[in-house]
Amino acid sequence: SETISASRLYRNTTNGDTFFKWLDSEGNTQTTVIDDLADASLELVAAPLLGTPPNLTIVGTYRDRLWGVGDIDIDDLRYTETGLMTAWSGLNTIPIRAGQDAAGIMAIIPRRNALGVARREVMVQIVGTSTSNFTSTTIPGGEGRGCVCQESVVVDNDIAYFLGLDGVYKWDAAGVSCISRDGNVSSWFDGDKYFNRSLYHRVKAQLIDRKYRLFLASVGSDFLDRWVEYDIDLETWWGVHT
């Protein structure tokens with residue numbers, strides 16, 4: 001790019017792990033640099049933790065880090081350094097079932113001791129304590145079940161509620177399970193009689209007095225003009241409301 005005036009290079013000292021400013025390569029065409037600057041001549045202030053954040057479409061917090069998904073690499077979960085929301089190292093990336101579908105990661109769901117990451121048809125959680133050992137594992141009951149919209153997620157008393165392709169699910173210590181299978185409620189979500197399923201990615205949810213309230217578009221509508229409600233304490237559904 002013509003706007004690049006120089007490239008700044010950092011290096012560590014002999015047998016060291018901390019990077020310090022080494023030199024600036026002027027211009028934007030130079031491809032080779034040879035320099036034998038001694039360790040003692042490096043700048044004294046350590047380099048900042050580098051990394052440009054992606055253009056985030058989904059972002060959440062968990063264990064003193066920001067976690068997010070960009071608009072291009074939709075299969076990759078990105079995260080910051082601990083306590084540094086501006087430090088998005090390119091190494092801090094966890095692929096989540098890359099290529100499984102064209103929608104990518106749909107939701108980030110933090111609970112007290114677990115971080116859930118959902119695609120449309122799978123739920124995984126991140127385990128580990130640092131970049132060296134972070135991995136993703138499938139949540140019990142999470143294979144074939146996922147989330148279709150970040151805005152459908154509500155966490156109450158360390159239990160997450162969210163909309164999947166065919167109903168509303170919860171994720172608790174036992175795993176992922178559907179809470180909309182009973183009676184006529186199932187037909188609200190997995191058929192085309194009540195809601196415009198092509199707009200599931202735009203639904204909204206809120207928690208009011210321990211009731212999970214979900215706003216959806218009716219059949220043929222482009223607006224969220226209907227809502228249903230799940231009473232968490234009574235485990236009952238109410239709706240469909242205009």
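As a reminder, the structure under discussion sits directly above these lines.
About the criteria used
Note that residues are indexed from 1 along each chain, following the sequence as it is written. With pLDDT at 70 or above as the cut-off, local features in this predicted model cover only qualifying residues; side-chain atom pairs require 80 or more to be listed or tallied, and sums for whole chains, interfaces and linings still use all residues. Here the side-chain values reflect all heavy atoms present in the structure, with hydrogen atoms and water set aside. A simple rule labels every residue: compare its accessible area, found with a 1.4 Å probe on the protein chains alone, to the largest value its type can have, and call it buried under 20%, exposed over 50%, or partly exposed in between. Secondary structure elements are defined from DSSP: runs of H or I of at least 4 residues count as helices, runs of E of at least 2 residues count as strands, and each element is numbered from the N terminus. What makes two strands pair is DSSP finding at least two bridges between them. In this analysis, axes come from line fits to C-alpha atoms, helices being fitted only over the stretch in contact, and the angle between any two N-to-C directions falls in the range 0 to 180 degrees. Between Lys or Arg on one side and Asp or Glu on the other, a salt bridge is scored when a side-chain nitrogen of the former is within 4 Å of a carboxyl oxygen of the latter.

Description of the pairing of strand S12 (residues 159-163)
Item 1. Most of S12 is tucked away, with five of its five residues classed as buried.
Item 2. Note: strand S11 (residues 154-156) against S12, three bridges, orientation antiparallel. In the sheet register, Val155 faces S12, and the bridge partner there is Ala160.
Item 3. Counted between consecutive antiparallel strands, the loop separating S11 from S12 contains two residues, among which Asn157 sits at a positive phi close to 55 degrees.
Item 4. The hairpin turn running from S12 into strand S13 (residues 168-172), its antiparallel successor, is four residues long.

Quick look at the sheet that holds strand S8 (residues 115-119)
Item 1. Ordered by their spatial adjacency, four strands build an open sheet running S7-S8-S9-S10, and the pairing between neighbours is antiparallel. With one partner strand each, in any of the chains shown, strand S7 (107-110) and strand S10 (135-143) form the two edges of the open sheet. Ignoring strand direction, the axes of neighbouring strands in this sheet form an average angle of 30 degrees.
Item 2. Two strands pair when backbone bridges link them, and strand S9 (residues 122-127) and S10 are joined in this way by five bridges, in the antiparallel orientation. The residue of S10 that forms the bridge with Val122 is Glu143.

Thoughts on the pattern of salt bridges
Item 1. By the definition in use, this model includes 17 salt bridges.
Item 2. Asp172 serves as the salt-bridge partner of Lys170, at 3.8 Å between the closest nitrogen and oxygen.
Item 3. Residue Asp172 is classed as buried on the basis of its relative accessible area of 16%.
Item 4. Arg197 serves as the salt-bridge partner of Asp192, at 3.0 Å between the closest nitrogen and oxygen.
Item 5. For Asp192, a relative accessible area of 54% corresponds to the exposed category.
Item 6. Given a relative accessible area of 33%, Arg197 falls into the partly exposed group.
Item 7. Here the salt bridges share partners, and the residues they tie into one network are Arg8, Lys21, Asp24 and Glu43.

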